[in-house]
Amino acid sequence: MRHKIVKNKRRLKKSVVNLIDTSDIVKAYDKVKLFFDRAVHHRKIAQGVASNQVGLDYRIFTALIGGKWQLFINPEYISKEGEEIIFPEGCLSINKKTVKVPRSYLVNLRYTVIKSGIHGLKFDTIEEQFSGSDARVIQHEMDHLEGILITDYQA
Ligand SMILES: [Zn+2]
């Protein structure tokens, strides 16, 4: 598995990641776990990492939400609400650059979480609302999964 953060824009733009079957996650759980550990390793410089930033083709990202790293599997927007707020963002994949990006204040997200079970992995799909900086980091990582980078917001 690739550990390095992908910085090639063309590659990041091409790597749109589709929904995955949870049985694929079971098969590739070591990779997913490693991805999560690597992301947490970057915590001093990042609030989130999308799987395609480390060369994994799963619709998964991880983000620091309320001081805790969370894994978001198959995330999908239910809705975005509220005012769009413009704020500078940086990105692990883009060197030394911040870009002012408009983001919705609220997002409603549907995603799958892993619940540890006695007989292997268990999954649960939940719906949750995020606001403020949590909503911002989620929209940033969701963009990655669609091949959108902060530099795409530059005028
Ligand atoms: Zn990024």
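Here, the structure is the one placed above.
Residues numbered from 1 in each chain as written. Predicted model: local features only at pLDDT ≥ 70, side-chain atom pairs only at ≥ 80, totals over all residues.

1. Thoughts on the pairing of strand β2 (residues 60-65)
As a reminder of what qualifies: By definition, two strands form a pair when at least two bridges between them are found by DSSP. Each helix corresponds to a stretch of at least 4 residues labelled H or I by DSSP, and each strand to a stretch of at least 2 residues labelled E; elements are numbered beginning at the N terminus.
With three bridges joining them, strand β1 (residues 48-50) and β2 adopt antiparallel strand pairing. Across the sheet, the residue bridging to A50 is F61, located in β2. Sheet topology places β2 next to strand β3 (residues 68-91); six bridges connect them, and they run antiparallel. Bridging across to β3, I60 finds its partner in I73. Two successive antiparallel strands, β2 and β3, enclose a turn made up of two residues, where G66 displays a positive phi of approximately 55 degrees.

2. A closer look at the nonpolar core
The line we're drawing: Any set of buried Ala, Val, Leu, Ile, Met, Phe, Trp, Tyr and Cys residues joined through C-beta atoms within 7 Å is what this text calls a nonpolar core. Exposure classes come from backbone-placed C-beta atoms, where a residue is buried if 20 or more other C-beta atoms lie within 10 Å of its own, exposed if 12 or fewer do, and partly exposed in between.
Judged by nonpolar contacts, the single largest core of 23 residues is most densely connected at V49, I60, F61, F72 and I138. Every element with two or more residues in this core is listed here: α3 (29-41), β1, β2, β3, β4 (94-117) and α4 (132-145). Per-element tally for this core: the top contributor is α4, with five residues.

3. Observations regarding unusual backbone geometry
One non-glycine residue, N74, lies in positive phi territory at about 50 degrees. Of note, N74 is situated in strand β3. The class of N74 is buried, set by 20 C-beta atoms lying within 10 Å.

4. With respect to α3
Put simply, the rule is: A helix is expected to span 1.5 Å multiplied by its residue count minus one. Residue pairs qualify as contacts under a 7 Å threshold applied to their C-beta atoms, which are placed from the backbone.
The end-to-end C-alpha distance of α3 is 18 Å, a good match for the 18 Å that 13 residues give at a rise of 1.5 Å each. Considering only its buried residues, α3 is in contact with α2 (22-27), β1, β2 and β3.

5. Brief notes about the environment of F87
Along the chain, the position of F87 falls in strand β3. A count of 12 C-beta atoms within 10 Å places F87 in the exposed class. For the pair F87 and S133, spaced 46 residues apart in the sequence, the C-alpha separation amounts to 9.9 Å. Ignoring any residue separated from it by four or fewer positions in sequence, one finds F87 in contact with K100, V101 and R136.

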